[in-house]
Amino acid sequence: MKKICIFCGSSMGFAPIYKEKAAELGHVLADHGCELLFGGGSVGLMKVIADVMMERGCKVTGTITKHLLDMHVGHDGIDELIVVDSMAERKKILEDMADGFIALPGGIGTMDEFFEAYVLSQLRVFDKPVALYNVNGYYDGIVAFIKHIADEGFMRREHAENLIVSDDAKDLLEKMEQFQPADVTKWVVEIKEQVK
């Protein structure tokens, strides 16, 4: 994996550990020779990880909407800043370019980006790993809810288990490198059988 797309907050969060762990992930990605793809912001955890990776000499590419750029939150120090008209276009570019996805703590925008990537992975639109960097237990509720979805029969257990979760940056990247997509064929056949 070379190009890693990061979804994360445009805020820092209240606890200092969020900033610390975002910087740590940047160093781990740099140690592995990764490139960074992100939302192009100069604020919050987005700025933290982009700045670390630029300082380490890694290529950093941002994709931002014109609306956000006009609000003066675009990161003008990165290698490339792609400006698009819509959030949908922004996500599509990031999804197409990336080899894998990591969601750091963030708000509803981060959730939107993460769940879209997770759905595309589940449906085998692409065979790319999707991971939650579970800093400070931030994603414990989401992980429990995904397990609940599988327990209630609205998601195949292998798709729930295919989500990569760790609070350790090195462990997270190692699991992403070992990722094997779940088979979707059996899942579709079984869904069709349920309605007969």
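Only a predicted model underlies this, so the values are computations on that prediction, with no experimental measurement involved. (Residues numbered from 1 in each chain as written. Predicted model: local features only at pLDDT ≥ 70, side-chain atom pairs only at ≥ 80, totals over all residues. Heavy atoms only, no water.)

*Asks:* Any chance you could explain unusual backbone geometry here in plain terms?
*Replies:* In most cases, non-glycine residues show a negative phi, while peptide bonds are predominantly trans. Non-glycine residue R124 carries a positive phi angle of around 60°. Position of R124 among the secondary structure elements: in the loop between α5 (108-122) and β6 (130-133). For R124, a relative accessible area of 30% corresponds to the partly exposed category. (Helix = DSSP H or I, 4+ residues; strand = E, 2+ residues; numbered from the N terminus. Buried < 20%, exposed > 50% of the residue type's maximum accessible area, 1.4 Å probe, protein only.)

*Asks:* Help me out: how do you make sense of helix α2 (residues 44-55) in this one?
*Replies:* Note on helix geometry: an α-helix contains 3.6 residues per turn, so any two residues three or four positions apart are oriented the same way. The end-to-end C-alpha distance of α2 is 17 Å, a good match for the 16 Å that 12 residues give at a rise of 1.5 Å each. Taken across its 12 residues, α2 has nine buried, putting it largely inside the fold. Every buried residue of α2 is listed here: G44, L45, M46, V48, I49, A50, D51, V52 and M53. Elements that come into contact with the buried residues of α2 comprise β1 (3-7), α1 (16-31), β2 (35-38), β3 (60-65) and α4 (87-97). Looking at the residues trailing α2, positive phi occurs at G57, about 85°. (Expected span 1.5 Å × (residues − 1). Contact = heavy atoms within 4.5 Å.)

*Asks:* How do you make sense of the packing of α1 against helix α8 (residues 169-177) when you look at a structure like this?
*Replies:* Two measures define how a pair of helices packs: the angle their axes make with one another and the distance between the axes. Interhelical geometry of α1 versus α8 gives an angle of 45° and a closest axis separation of 9 Å. By the angle between their axes, α1 is oblique relative to α8. As α1 packs across α8, the resulting crossing turns out to be right-handed. Packed against α1, whose contacting residues are E24, L25, V28 and L29, the element α8 presents A169, K170 and L173 at the interface. (Axes fitted to C-alpha atoms, helices over the stretch in contact; angles between N-to-C directions. Parallel < 35°, antiparallel > 145°, perpendicular 65-115°, else oblique. Left-handed = near helix turned anticlockwise from the far one by under 90°.)

*Asks:* How should I be thinking about the pairing of β2 in this particular structure?
*Replies:* Successive side chains on a regular strand alternate, one facing one side of the sheet and the next facing the other. Burial along β2 is two-sided: E35 and L37 and L36 and F38, pointing in opposite directions, are all buried. Note: β1 against β2, three bridges, orientation parallel. In the sheet register, C5 faces β2, and the bridge partner there is L37. Viewed along the sheet, the connection from β1 through α1 into β2 turns out right-handed. Bridge count between β2 and β3: three bridges; the pairing is parallel. Bridge pairing in β3 links L37 to T61. Between the parallel elements β2 and β3, the chain passes through α2 in a crossover that is right-handed. (Pairing = 2+ DSSP bridges. Right-handed = clockwise from strand over helix to strand, strands pointing away.)

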